[in-house]
Amino acid sequence: CLAGMLVEVQMVLAQRFNEFINEQVEWIRTYRVDARRAGVLAPVARFPAFVDYVESCVQGLRVEAALTAYQKVCSAIFTWLERVAGQHAKYADVIRLVNYEHFERTVGPRRVEALARFVEQAARARVASQERYVTWCIAYECKDWTALANKLVQLAARVGVSDAGIYCRKQQVTLVNEAHTATRLRQAVDAIRQRLHKHLPGAEPELVARLWEAIHANFIERYRRYEVICEKSYQLRVDPTSDEVDRYFAV
């Protein structure tokens, strides 16, 4: 009968759709890429087109097959992306940043209810990777200063700014200050800027600008706290001052 034929057709179509989804998941799982490669990677770049295709098929209806497809494909993409990022520690957060940002920026505006939690997951991962990357960029260029600044800030939080100097020798602070002259810090800021553009060739200008502002804000906030501790705990004037370093980021 006609009803039976329609049910059979639906079953065949559902089976083929499931096979198609499984093929996509397997392609994502086995896709190989150089972990040091910058830019949006293929599985992430192609996902918005996949969403558009599925949404054109379901026409706004709540279709269980589509929900299952999104679950499988998104989980596969995120698992694969973390595996790729883990292949090279130096580039791990660059890979996460660029790809999670792309997912969030391209999938979010499509406002597909079934994808909302994955967009939120991507946003959280992007924020976490940005924080790690910003911290790494500063520490890479100013290793000794970063280590000392972190130590003093932690001490100040525990025992107070005025007493932080009791637990860290003035000689150590003086040596670090003498090594980080205006010239040295200006060079460090320039090197951070160059490395940012090296790591993100072809990235969205908005992403690069946001990262630069985050690096700027993080560096200056820490430098100002360090400057206060030096003055109150050691009676040392930091040269260059935080206002002078702030201007290096505008050049």
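Residues numbered from 1 in each chain as written. Predicted model: local features only at pLDDT ≥ 70, side-chain atom pairs only at ≥ 80, totals over all residues. Heavy atoms only, no water.

K.L.:
Go over the overall build of the protein, please, and point to the residues and values.
P.N.:
Within the protein, the secondary structure is distributed over 10 helices and 0 strands. Taken from the N to the C terminus, the helices and strands of the protein come in the order α-α-α-α-α-α-α-α-α-α. Against the globule reference of 18 Å for 251 residues, the protein gives a C-alpha radius of gyration of 25 Å, more extended than a compact globule. Over its C-alpha atoms, taken along the principal directions, the protein stretches across nearly 95 × 35 × 30 Å. Burial status across the protein gives 42% buried among its 251 residues. Long-range contacts, defined as pairs at least 24 residues apart, comprise 73% of the intrachain contacts of the protein with a sequence gap of at least 6. Of the roughly 14100 Å² of accessible surface on the protein, a fraction of 53% belongs to carbon and sulfur atoms. (Helix = DSSP H or I, 4+ residues; strand = E, 2+ residues; numbered from the N terminus. Rg over C-alpha atoms; globule rule 2.2 N^0.38 Å. Buried < 20%, exposed > 50% of the residue type's maximum accessible area, 1.4 Å probe, protein only. Contact = heavy atoms within 4.5 Å. Areas by Shrake-Rupley, 256 points an atom, 1.4 Å probe, with all protein chains shown as cover.)

K.L.:
Tell me about the nonpolar core, and please be specific about residues and values.
P.N.:
Of all hydrophobic cores here, the largest spans 42 residues; its most connected members are Trp145, Leu152, Val173, Phe219, Tyr226, Val245 and Phe249. Counting residues per element, the ones that place at least two in this core are helix H4 (92-107), helix H5 (116-141), helix H6 (143-159), helix H7 (170-179), helix H8 (182-199), helix H9 (205-234) and helix H10 (242-248). The element that contributes the greatest number of residues to this core is H9, accounting for 12 residues. Residues contacting Trp145, with those up to four places away along its chain left out, are Ile138, Val176, His180, Phe219, Arg222, Tyr223 and Tyr226. Phe47, Tyr70, Ile77 and Leu115 belong to the second-largest nonpolar core, a separate cluster that totals 36 residues. (Core = buried A, V, L, I, M, F, W, Y, C linked by side-chain atoms within 4.5 Å.)

K.L.:
Go over unusual backbone geometry, please, and point to the residues and values.
P.N.:
Here the bond from Asp239 into Pro240 is cis, since omega is 10°, no more than 30 degrees from zero. Tracing the backbone through its elements, the reader meets Pro240 in the loop between H9 and H10. Of note, Gln235 is a non-glycine position whose phi angle comes to about 55°, a positive value. When you line up the elements, Gln235 lands in the loop between H9 and H10.

K.L.:
Can you lay out the environment of Arg29 for me, pointing to particular residues and giving the numbers?
P.N.:
Residue placement: Arg29 occurs in helix H1 (residues 2-30). Among the residues examined, Arg29 registers a relative accessible area of 48% and is labelled partly exposed. For the pair Arg29 and Arg83, spaced 54 residues apart in the sequence, the C-alpha separation amounts to 9.7 Å. Apart from residues lying up to four places away in sequence, Arg29 is in contact with Trp80 and Arg83. There is a polar contact of 2.7 Å between the side chain of Arg29 and the side chain of Glu26. (Polar contact = N/O pair within 3.5 Å; in protein donor to acceptor, adjacent residues only side chain to side chain.)

K.L.:
Describe the packing of aromatic side chains, with residues and values.
P.N.:
The final tally for this structure, using the stated rule, is 19 aromatic pairs. Considering the side-chain rings of Tyr133 and Trp136, the 6.2 Å spacing of their centres and the 20° angle between planes classify their relative orientation as stacked. Of this pair, Tyr133 and Trp136 both sit in helix H5, 3 residues apart, which is roughly one turn of the helix. On the accessibility criterion, Tyr133 (3% relative accessible area) is buried. Residue classification places Trp136 among the partly exposed positions, given a relative accessible area of 26%. (Phe/Tyr/Trp six-rings, centres within 6.5 Å; stacked < 30°, edge-to-face > 60°.)

K.L.:
Tell me what's going on with the state of the cysteines, and back it up with residues and numbers.
P.N.:
Summed over the entire model, instances satisfying the criterion amount to 0 disulfides. A disulfide-free cysteine, Cys137 has its sulfur positioned 11 Å from the sulfur of Cys142, the nearest such atom. (Disulfide = S-S within 2.5 Å.)

K.L.:
Lay out the side chain of Ser242 in plain terms, naming residues and giving numbers.
P.N.:
Following the sequence through the fold, Ser242 ends up in helix H10. Within the local environment of Ser242, its side chain forms a polar contact with the side chain of Glu227, the two groups lying 2.6 Å apart. Apart from residues lying up to four places away in sequence, Ser242 is in contact with Ile220, Tyr223, Arg224 and Glu227.

K.L.:
Could you give an account of the environment of Ala164, with specific residues and numbers?
P.N.:
By the element assignment, Ala164 lies in the loop between H6 and H7. What makes Ala164 buried here is its relative accessible area of 0%. Ignoring any residue separated from it by four or fewer positions in sequence, one finds Ala164 in contact with Leu152, Leu155, Ala156, Val159, Ile229, Ser233 and Tyr234.

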